[in-house]
Amino acid sequence: MTKSQVPLQEGWYHIPDSPSDRGYLIGTRCRDCGEEFFPKRVYCAACTSSNVEEKALSTRGKIDTFTISRLTPPGSVMQAPYVLAKVELPEGPLVTTVITDCDPEKVTIGMEVDLQIEKVKEDEAGNEVMAYVFKPA
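A brief structural summary. (Residues numbered from 1 in each chain as written. Predicted model: local features only at pLDDT ≥ 70, side-chain atom pairs only at ≥ 80, totals over all residues. Heavy atoms only, no water.)

## Remarks on the layout of surface pockets
Consideration 1: Considering only enclosed or pocket space, the largest pocket measures out at about 350 Å³ in volume.
Consideration 2: Lining the largest pocket are 14 residues, and of these L8, Q9, V77, M78 and V98 lie nearest its centre.
Consideration 3: Looking at the lining of the largest pocket, the elements with two or more residues in it are β7 (82–88), β8 (94–99) and β10 (128–136). (1 Å grid on protein atoms, 1.4 Å probe; cavity = no way out; pocket = protein on both sides within 12 Å on 5 of 7 lines; lining within 4 Å. Points joined across faces, edges and corners; volume = space filled by probe spheres on them. Helix = DSSP H or I, 4+ residues; strand = E, 2+ residues; numbered from the N terminus.)

And the structure:
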């Protein structure tokens with residue numbers, strides 16, 4: 001039986017179809033005022049227009065702020081300690097995310113990070129549940 005990849009949050013990101021395909025976050029751009037948002041929206045939070053379009057967002061950003069979680073919440077896919085951060089994308093949106101593949105004590109504000117779409121667990125049907133994270137660039 002072939003395992004399927006399913007998103008942890010439906011409609012928030014594109015799961016790569018092949019090794020040459022790159023995942024990306026799906027945001028919204030307002031056609032009236034130009035503001036961009038993540039996750040995607042039906043209305044612009046800046047001008048309230050409904051004239052919005054889906055947009056693939058940048059895959060690189062900078063850490064705006066972060067905290068180190070030293071406790072693992074019940075049911076979490078993360079194991080403490082881990083870094084929870086707000087990453088600022090070049091388009092403007094701040095993305096709440098986990099920073100992986102680094103020593104939490106070495107994370108800094110302004111650090112450049114790259115988006116990754118990766119398996120975080122398996123569901124009851126054996127599907128790979130995929131989520132977005134960022135890793136140091």
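## Considering the pattern of salt bridges
Consideration 1: One pass over the full model with this rule turns up 11 salt bridges.
Consideration 2: Residue R31 is joined to E53 by a salt bridge in which the shortest nitrogen-to-oxygen separation is 3.5 Å. Of the two residues, R31 sits in the loop between β3 (24–30) and β4 (36–37) while E53 sits in strand β5 (residues 52–56), which places them 22 residues apart along the sequence.
Consideration 3: Between K135 and D101 there is a salt bridge, with its nearest N and O atoms 3.0 Å apart. (Salt bridge = Lys/Arg side-chain N within 4 Å of Asp/Glu carboxyl O.)

## A word on the nonpolar core
Consideration 1: Membership of the largest hydrophobic core comes to 22 residues, with the highest contact counts inside it found for L25, I63, I99, Y132 and F134.
Consideration 2: Every element with two or more residues in this core is listed here: β6 (60–69), β7, β8, β9 (112–122) and β10.
Consideration 3: Among the elements that make up this core, the one with the highest residue count is β10 (4 residues).
Consideration 4: The contact partners of Y132, leaving out residues within four places of it in the chain, are Q9, W12, Y13, L25, F38, V95, T96, T97, L115, Q116 and I117. (Core = buried A, V, L, I, M, F, W, Y, C linked by side-chain atoms within 4.5 Å. Buried < 20%, exposed > 50% of the residue type's maximum accessible area, 1.4 Å probe, protein only. Contact = heavy atoms within 4.5 Å.)

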